[in-house]
Amino acid sequence: MPATPFASPPHSAEAERSTLGALLLDPEKLVDVASELKPADFHDPVYRAIYTAMLTLKERHTPVDFVTLHDELKDHEQVRATGGATFLAQLASHVPTASNAAAYAKIIREKSLYRRLIEVGQTMTTLASTEEIPATEAIERAEQELLALSRHSSTDKPQHIADIGAESYERYAQLHEAEDKTALFGLRTGFPALDLLLTGLTPGHLMIVAARPSMGKTSLALDIARHAAGEQGKQVAVFSLEMAKQELMDRIIAGMLGIETWRLKKGDLTQEDFERMGTIFDGLKKHPIYIDDDPDTTIANLRSKARRQQMEFGLDLLVIDYLQLIEVTDRASGENRTQQVSHISRSLKNLARELGCPIIALSQLSRSVEQRSPPIPILADLRDSGSIEQDADSVVMLYRESAYNEDAADQGLTDLYVRKNRSGPTGRVELQFNHARMSFQTRGMQT
């Protein structure tokens, strides 16, 4: 551990000694303590060595007692220097009962987290004072360290498969009996037919929404964001790399009012519209949607802002509009665009897993789709990189016949082709697009 400005880093010698003594009195307690406490959590190197030896013996299915522990540590110079077998015996005599082993271990873990926090602070200070890397990269690395520390503080334990099975059975039974099965999925899109195919959006899920320009990618993403926040109470962040936040706001309010966007922009509202708008703006307080239109479009900046959003407000859904506008500034910056987009898609998938929330990333399609008749998109049309398909958990592609045929019978009919679905079947979902309101409504599903 690097030197700290403290005379002695946070630790409790008493708790470390008492934990080892309790485990010697009742080695069975090691099963419970080991899931919470790692050797690195011990500050004293002698106590750390003793605890490591206990774990080693346990892994070998060797009884943990004075004899076996002393034999395991016989070549350890520091343990020998403290008294060897006599020292081990004193550990056990130090505690009256083994029942408090978990409580002692909790103290050790707490002190360990404080020491780790000091290390993170020192890392931040070093990154800032040496100026060896760009400031934005230093900030990102510091945030990574803090997020890793936050996860390290979690005490979730692995579950026995039987326990998981019991919970799963209850969920399967609820799904079997429910009339609206989509209500029991993860984060829902607000379009039941799409939710039935995707079974909702789960933590770590990377969903790509791809289409040619003017098909409604952004509108679909905003519809999903609005439903997630307004109907499900989810914390949603929208990173808009193309549109200004006021333009996105216009679309959201027009969709909620059920009027044409151009009317809202021109102030062409009826008295009823205006009165309903007041209610809608009051209700926005209950829509936890955060919009960011920062022109800094680097992947490092996006990751940094997403981590801050999660730490400050929580994050249940991240929308990025759109993937091809993201830039790279690290080692991938010197690569060709195909390699860069591959790096971006992998980074987004890793970010979804790191944050534990789904990410919806919009993507352009190449012009090659328009060389087919009809120009219905396929996975090969994903622009710049085939790795987008590889990294995504689901790929949804939009097609509207009326965009190519002015005489189409249904001007608003939009097909959502689920071309990839890691969690289930592919298929086609029909939505109705209201171009004036820039919003979608449900129609049905065909698989």
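Residues numbered from 1 in each chain as written. Predicted model: local features only at pLDDT ≥ 70, side-chain atom pairs only at ≥ 80, totals over all residues. Heavy atoms only, no water.

(A) Structural view of the overall build of the chain. Of the regular secondary structure elements, the chain holds 17 helices and nine strands. Expressed as a percentage of its 447 residues, the buried residues of the chain come to 45%. Carbon and sulfur atoms form 50% of the exposed surface of the chain, whose accessible area is close to 22500 Å². (Helix = DSSP H or I, 4+ residues; strand = E, 2+ residues; numbered from the N terminus. Buried < 20%, exposed > 50% of the residue type's maximum accessible area, 1.4 Å probe, protein only. Areas by Shrake-Rupley, 256 points an atom, 1.4 Å probe, with all protein chains shown as cover.)

(B) Representation of the pattern of salt bridges in the model. Inspection of every chain in the model, using the stated rule, returns 15 salt bridges. The salt bridge partner of E14 is R17, with a shortest N-O separation of 2.7 Å. Highlighted residues: E14 and R17, both in helix 1 (residues 13–25), separated by three residues, approximately one helical turn. Taking relative accessible area as the criterion, R17 reaches 23% and is therefore assigned partly exposed. One salt bridge connects R422 with D393, and the closest N-O pair in it is separated by 2.7 Å. Pair noted here: R422 is in the loop between strand 7 (413–421) and strand 8 (427–434) and D393 is in the loop between helix 17 (387–391) and strand 6 (394–399), with a separation of 29 residues, a long-range link. On the basis of relative accessibility, which here comes to 48%, the residue R422 falls in the partly exposed class. (Salt bridge = Lys/Arg side-chain N within 4 Å of Asp/Glu carboxyl O.)

(C) The arrangement of unusual backbone geometry in detail. Cis geometry is found at the peptide bond from S373 to P374, where omega equals -5°. Turning to its location among the elements, P374 is positioned in the loop between strand 5 (359–364) and helix 17. Here H61, not a glycine, exhibits a phi torsion of approximately 60°, which is positive. Using a relative accessible area of 76% as the deciding quantity, one classes H61 as exposed.

(D) Representation of helix 6 (residues 85–93) within the structure. When we look at burial in helix 6, the residues that qualify are F87, L88, L91 and A92. An end-on view of helix 6 places all buried positions within 145° of arc, on one side of the element. Counted as exposed and oriented over 90 degrees from the buried face of helix 6: T86 and S93. Against the buried residues of helix 6 lie helix 1, helix 3 (45–59), helix 4 (66–72) and helix 5 (77–82). (Arc of directions from axis to C-beta. Contact = heavy atoms within 4.5 Å.)

(E) How the structure looks around the side chain of S347. Structurally, S347 can be placed in helix 16 (residues 337–355). Here S347 falls in the buried class, since its relative accessible area comes to 9%. Excluding residues that lie within four positions of it along the chain, S347 makes contacts with I299 and R303.

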